Amino acid sequence: MIYVAVWGYGTVGSGVVEVIEKNKEMVNKKSAAELEIKYILDLRDFPGDPYEQKVVHDVNVILDDPDVTIICETMGGVKPAYDFTKAALERGKSVCTSNKELVASHGPELLQIAREHNCNYLFEASVGGGIPIIRPLNYSLTAEKLEAITGILNGTTNYILTKMEREGADFAATLKKAQEKGYAERNPEADIEGYDACRKIAILSSLMTGQNVSYKDIYTEGITGITADDFVYARAMGRSIKLLAMSKDTPQGTLAMVAPCMITPENPLYMVSGVFNAVCVRGNMLGDSMYYGKGAGKLPTASAVVSDVVDCARHQGRTIMCFWNQEPARLVDIGDVERGFFVRARDDAAAEIEAAFPGAEKIEVEGRTRDCGYLIAPIKERDFAAKYETLGDRVLGRIRLEG
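Residues numbered from 1 in each chain as written. Predicted model: local features only at pLDDT ≥ 70, side-chain atom pairs only at ≥ 80, totals over all residues. Heavy atoms only, no water.

Participant: Give me helix α8 (residues 171-180): which residues, what numbers.
Facilitator: Turning to α8, its buried residues number three or more, namely Phe171, Thr174, Leu175 and Ala178. Along the long axis of α8, the arc covered by the buried residues comes to 100 degrees, so they all point the same way. Away from its buried face, by an angle of more than 90 degrees, α8 presents the exposed residues Ala172, Lys176 and Glu180. Lining the buried residues of α8 we find α7 (155-167) and α9 (189-192). (Buried < 20%, exposed > 50% of the residue type's maximum accessible area, 1.4 Å probe, protein only. Helix = DSSP H or I, 4+ residues; strand = E, 2+ residues; numbered from the N terminus. Arc of directions from axis to C-beta. Contact = heavy atoms within 4.5 Å.)

Spelled out as structure tokens, the structure:
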């Protein structure tokens, strides 16, 4: 018998209990042991819940119980999850988490503690919800030199951009609809400003390089500046607009960033719509591979947590190797990166645009009289930003081109 505890009985935590109980026979078979949920840690009581007798309010009940060897941390946030997780690992208890914020902030430290105490810190559910991506990077692609990872890593922003594209709605109205449907939080800042995607690409970048890529050092831009007008021009060019989280290995270091980009139909992420997520990985031998599915939600995320529980059960007393150390990775200054841009400007700004960006290609859209669009040839980000700034209110927006 292997005893499991769940920290946090919210959406994901209750989903973990549901997956283990509903799929008990299969989970036990694949674990090669019988799993039993012994405790559920939460501040609240749950009268009438089938598992109310398992609820405790003191974490030490779990930490001090030698029978509990696997913990599912689904609390979210850094405090007190960090302190609880560290204490559990130091006692030799494996921890499986969906907490991207904690993994991005303290991943290499917690992995080291797990190694020192012959247990595991696993975090499949921290990126992509139910999409298997951490395990492929750690196991399936170990023969590869990973060259790039690009993904749509936030379902809320992808839902909003999809609705704007298909219905011609503006950002504010679409965000409100997403909140009404439960796809966006009441405070959506982490999603729409790109912070959620930033933490996820920091984790993936760290696994790609084996060194620590801090999310605090990644250039991050959200979707609040994207308008319905931008989609008019994107459609005219046969492109779509997606919030991309990108990481690339270069001779100068790792290039990591999060930003809205216009992409062509040749890009496999072009067709990823609604709340779905996808991650494209490029290896030097395999080439491109893609991982697609629901990036959030109660049961998809819980399923990923339970897959880690099964892995821990199979490796009791042994540490599963994860190549992510505490040495800081060398990041490329995005100012040095060359890329093309789309610029939307006032209809009377043509002369200024063409003077600032020689060779700019005007995008003709029938019926547009208030603004005009331009494709800017590849230019260093730093140089583009300086020229763009001089145009003041003559320009209405800019979006990077990818692919």
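After that view, the rundown keeps rolling.
Participant: Would you mind going over the packing of helix α4 (residues 81-90) against helix α5 (residues 100-116) in detail, with residue names and values included?
Facilitator: Between α4 and α5, whose axes approach to 10 Å, the crossing angle comes to 15 degrees. On the basis of their axis angle, the class for α4 and α5 is roughly parallel. Our pair here, α4 against α5, has a crossing hand that is right-handed. For the pair formed by α4 and α5, the contact residues are Ala81, Tyr82, Thr85, Lys86, Leu89 and Glu90 on the first element and Leu102, His106, Glu109, Leu110, Ile113 and Ala114 on the second. (Axes fitted to C-alpha atoms, helices over the stretch in contact; angles between N-to-C directions. Parallel < 35°, antiparallel > 145°, perpendicular 65-115°, else oblique. Left-handed = near helix turned anticlockwise from the far one by under 90°.)

Participant: Please give an account of the state of the cysteines that cites residues and values.
Facilitator: One pass over the structure, following the stated rule, counts zero disulfides. Distance from the sulfur of Cys198, which forms no disulfide, to the nearest cysteine sulfur (Cys261) is 14 Å. Look at Cys198 and you get buried, because its relative accessible area is 4%. Cys312 takes part in no disulfide bond, and the closest cysteine sulfur, belonging to Cys96, lies 3.6 Å away. (Disulfide = S-S within 2.5 Å.)

All we've got here are geometric facts, nothing functional implied.
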